[in-house]
Structure formats: structure tokens, C-alpha cells
Amino acid sequence: MSHHENSHQDVVDVLTADHREVEAIFVELESRRGTPEHRRQLADVVIAELVRHSVAEEAYVYPAARKALPDGDRVAEHEISEHADAERTMKDLESVDPSDPRFDELLAHLTGTIRHHIQDEEADLFPRLRAAVAREELVELAGKVQAAKKSAPTRPHPAAPDHPPANKLLAPGAGLVDRMRDALSGRPTSMAELREKQH
């Protein structure tokens, strides 16, 4: 995709593309093909993708929903609580060996939670945002989301239930610390990195 096309994407385009990428990794994980090491790496990539995506949504998308939608607070709280649930599951999944039966149990819970969340957003939140928010602002939000994903953490940091996760996730440096740990451990955090490792 050229830079020029990118500039016309709104925030819904960006987040929907993330959703498709996550879904493709889920499908590959569910096929149970590949070595345990490959499945571990796929799980690491999908966790990193989901954490970055959630951080960006909580920083920019849900505040926009709170402002633009009459029931925006309710919608944002619901989405944030789903992120928190997914984040706890990801934290557990991070340390489980793919040959452990718990790996597939946790994965099934995570895919169920995230698929429900994606369905919710794409059927309800996203169309309502597009209807209520000016196109220029949606395009501007797309840029902010892309930038937030670059500095976001890559590992789950579940917050205490009474704190919105974003407050903690966007603590300066969390993303940097995670990326250093990832580099040292050789943990892939994107499909591009994973493909490089395999060649």
C-alpha cells in the first residue's frame, strides 16, 4: 500500500485491518499445524498485536466514543472491561508451553473473547463512530492510532480491576522495556518479524 492511499484511511479502516490480521493468526493457531515452537511464536505475535491494538483504542478511540455517542461512556466501559479480560488471559498464555493442554484452553478462551469483541466493534461501535464523528477527525485518529501502536507495550500488563488499563499501559517506558525484552529473547511481535525468523 502506497503512502498516498494510507493518508485516506480513517481510524475504522486501520482497526479493521488489525482485526483481519489477528483473525488470520487465530485461524492458523487453531489449525494446530506447525511445531510447538512455531505455535508459541504465533501466540507471541498475536498477543503483541492485541496489546498494541488495545492500547491505541483505549488512548484514542474510546475517548472519541465517549465524546461523540450519547451512551459513549457505557460503550467505552464495556469495551475496556473486555480488553481487561483478554489481557488477563494473554498474561496466562504468555507463560504456558504449547504442548501443555492449558495452551489450547487459554487460546480458545482468548479467541472467543476477541472474536466477540471484534464482532461488537464492527457491527456497532465502528459504524456509529463513522456516523457521529467528522471524517477529518476519523482520519486524524487513524494517524494517532498508528503512532500509538509504534510506542505501545508488546506484552500484557493486566491492571488492577478498578483502574482502566490504559492509564497503566501508557505509562511512559512500558513499550520500550517490553521491546528490549523482546529483542533480547528473540520474541517475534509481528508477522513480518516471524517470517524473517523462518528464512
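Residues numbered from 1 in each chain as written. Predicted model: local features only at pLDDT ≥ 70, side-chain atom pairs only at ≥ 80, totals over all residues. Heavy atoms only, no water.

As annotated in an unreviewed UniProt entry, the chain carries the name Hemerythrin HHE cation binding domain-containing protein and is attributed to Micromonospora purpureochromogenes.

Draft legend 1. Representation of unusual backbone geometry in the model. A positive phi angle, close to 60°, is found at Arg32, a residue other than glycine. Along the polypeptide, Arg32 turns up in the loop between α2 (11-30) and α3 (36-68). (Helix = DSSP H or I, 4+ residues; strand = E, 2+ residues; numbered from the N terminus.)

Draft legend 2. Broad picture of empty space enclosed by the protein. The full count for this structure, using the stated rule, is one cavity of 30 Å³ or more. What lines the largest cavity is simply His19, Leu50, His53, Ser54, His83, Ala86, Glu87, Met90, Ile114, His117 and Ile118. Among the elements of the structure, α3, α4 (72-94) and α5 (101-132) are those that each provide at least two residues to the lining of the largest cavity. Of all the elements, α4 adds the most residues to the lining of the largest cavity, at four residues. Considering only residue class, the lining of the largest cavity consists of five nonpolar, five polar and one charged. (1 Å grid on protein atoms, 1.4 Å probe; cavity = no way out; pocket = protein on both sides within 12 Å on 5 of 7 lines; lining within 4 Å. Points joined across faces, edges and corners; volume = space filled by probe spheres on them. Nonpolar A, V, L, I, M, F, W, Y, C, P; charged D, E, K, R; others polar.)

Draft legend 3. Representation of the pattern of salt bridges within the structure. Under the defined criterion, the tally for this structure stands at 23 salt bridges. Close ionic contact of Glu137 with Lys67 constitutes a salt bridge, the shortest N to O distance being 3.7 Å. Taken together, the residues span a long stretch of sequence, with Glu137 in helix α6 (residues 135-151) and Lys67 in helix α3 at a distance of 70 residues. We note a salt bridge from Lys144 to Glu140, for which the minimum N-O separation is 3.5 Å. (Salt bridge = Lys/Arg side-chain N within 4 Å of Asp/Glu carboxyl O.)

Draft legend 4. How the structure looks around helix α8 (residues 174-185). Given a rise of 1.5 Å per residue, 12 residues ought to cover 16 Å, and the 17 Å separating the end C-alpha atoms of α8 matches this to within 8%. Ala174, Gly175, Asp178 and Asp182 are the residues of α8 that are buried. All buried residues of α8 fall inside an arc of 90° around its axis, so they share one side. Residues Leu176, Met180, Ala183 and Leu184 are exposed on α8 and point more than 90 degrees away from its buried face. One or two steps after α8, the chain reaches Gly186, where phi turns positive at roughly 70°. (Expected span 1.5 Å × (residues − 1). Buried < 20%, exposed > 50% of the residue type's maximum accessible area, 1.4 Å probe, protein only. Arc of directions from axis to C-beta.)

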